[in-house]
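Below are the chains, spelled out letter by letter.
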Amino acid sequence: MKGIVGKKLGMTQVFDPETGTLTPVTVIEAGPCPVVAVRTAENDGYDAVQLAFDAVPERKLTKPELGHLAKHGVGPHRELVELRGASELAPGETVTVEAFEPGERIKVTGTSIGKGFQGTIKRHGFSRGPETHGSHNVRKPGSIGASATPSRVFKGIRMAGQMGSKTVTQVGLTVVDRDVEQNLLLVKGAVPGHRNSLVVVREDSR
């Protein structure tokens, strides 16, 4: 599994002078990510690689975190992310945007923008009720179950509640370009999360 950890900077567009088309892209500041540890099925029961991201001063971390990073020869970093899957990386190596080529298919995982507590119309796309003849059921969800049978509300009924702020993986994305000097990836389309949020970029092997 090939992957890298980054930060979503925002969106812009790329102009192609040959075809005259504009491509909306998301700019991701990805890496450099030093390899902290490599998990193997023989020793740990699963295959994974642990990457560090966002270097910070030592005072920003706890002693256990500093000890774990120092044990593997890595300086203080704010984020530690494990990417599942077999990898040829070794502790001490550094993953950069050079690992991805323009035109390569990827998937990006992030935390979706939180919308707070929302009703069923915004959260699930319900239709509203009638607004005339004294109706009091304009934006209410309506019936959520029968009374006598089954005398309860089934689990999974779509109702009002917390919307957004969940882990989302956007698949089918494409790398448009990369800037090795500034550690930037230009990804076609939108990716989950608000500006400056943490994202994980992985190869899409589908």
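About the cut-offs
Residues numbered from 1 in each chain as written. Predicted model: local features only at pLDDT ≥ 70, side-chain atom pairs only at ≥ 80, totals over all residues. Heavy atoms only, no water. Helix = DSSP H or I, 4+ residues; strand = E, 2+ residues; numbered from the N terminus. Rg over C-alpha atoms; globule rule 2.2 N^0.38 Å. Buried < 20%, exposed > 50% of the residue type's maximum accessible area, 1.4 Å probe, protein only. Contact = heavy atoms within 4.5 Å. Areas by Shrake-Rupley, 256 points an atom, 1.4 Å probe, with all protein chains shown as cover. Patch = residues over 30% accessible without salt bridge, like charges linked within 9 Å, V, L, I, M, F, W, Y side chains within 5 Å. Salt bridge = Lys/Arg side-chain N within 4 Å of Asp/Glu carboxyl O. Pairing = 2+ DSSP bridges. Axes fitted to C-alpha atoms, helices over the stretch in contact; angles between N-to-C directions.

Describing the overall build of the chain
Looking only at helices and strands, the chain has three helices and twelve strands in total. Expected size for 206 residues packed as a compact globule is a radius of gyration near 17 Å; at 23 Å, the chain overshoots this value by more than 25%. Viewed in the frame of its principal axes, the chain has a C-alpha envelope of about 70 × 50 × 35 Å. Per-residue burial over the chain gives 31% buried out of 206 residues. By sequence separation, contacts in the chain at least 24 residues apart represent 71% of the contacts at least 6 residues apart. Carbon and sulfur atoms make up 50% of the accessible area of the chain, which amounts to about 12600 Å² in all.

Points about a nonpolar patch on the surface
On the surface, I144, V153, F154, I157 and M159 cluster together into a nonpolar patch covering about 380 Å² of accessible area. One can find V153 in the loop between α3 (120-124) and β9 (161-163). Residue classification places V153 among the partly exposed positions, given a relative accessible area of 39%.

Remarks on the sheet that holds strand β10 (residues 167-179)
On the basis of which strands lie adjacent, the closed barrel formed by six strands has the order β1-β2-β11-β10-β7-β12 and antiparallel pairing. Along the sheet, successive strands turn relative to each other by an average axial angle of 50°, direction set aside. Of the pairings in the sheet, the one linking strand β1 (residues 3-16) to strand β2 (residues 21-30) comprises ten bridges and is antiparallel in character. Opposite G6, over in β2, you have A30 as the bridge partner.

Considerations on unusual backbone geometry
The peptide bond linking T149 to P150 adopts the cis configuration, its omega dihedral lying at 10°. Within the fold, P150 resides in the loop between α3 and β9.

Thoughts on the sheet that holds strand β5 (residues 77-84)
If you trace the four strands from one edge of the open sheet to the other, you get β5-β4-β3-β6, paired in antiparallel fashion. What marks the edges here is a single partner per strand, and that holds for β5 and β6 (94-95). Bridge analysis of strand β3 (residues 33-39) against β6 gives two bridges, and the strand direction is antiparallel. What sits directly across from C33, in β6, is V95. Each of β3, β4 (48-55) and β5 touches helix α2 (residues 63-71); the most contacted strand, β5, lies at about 60° to it.

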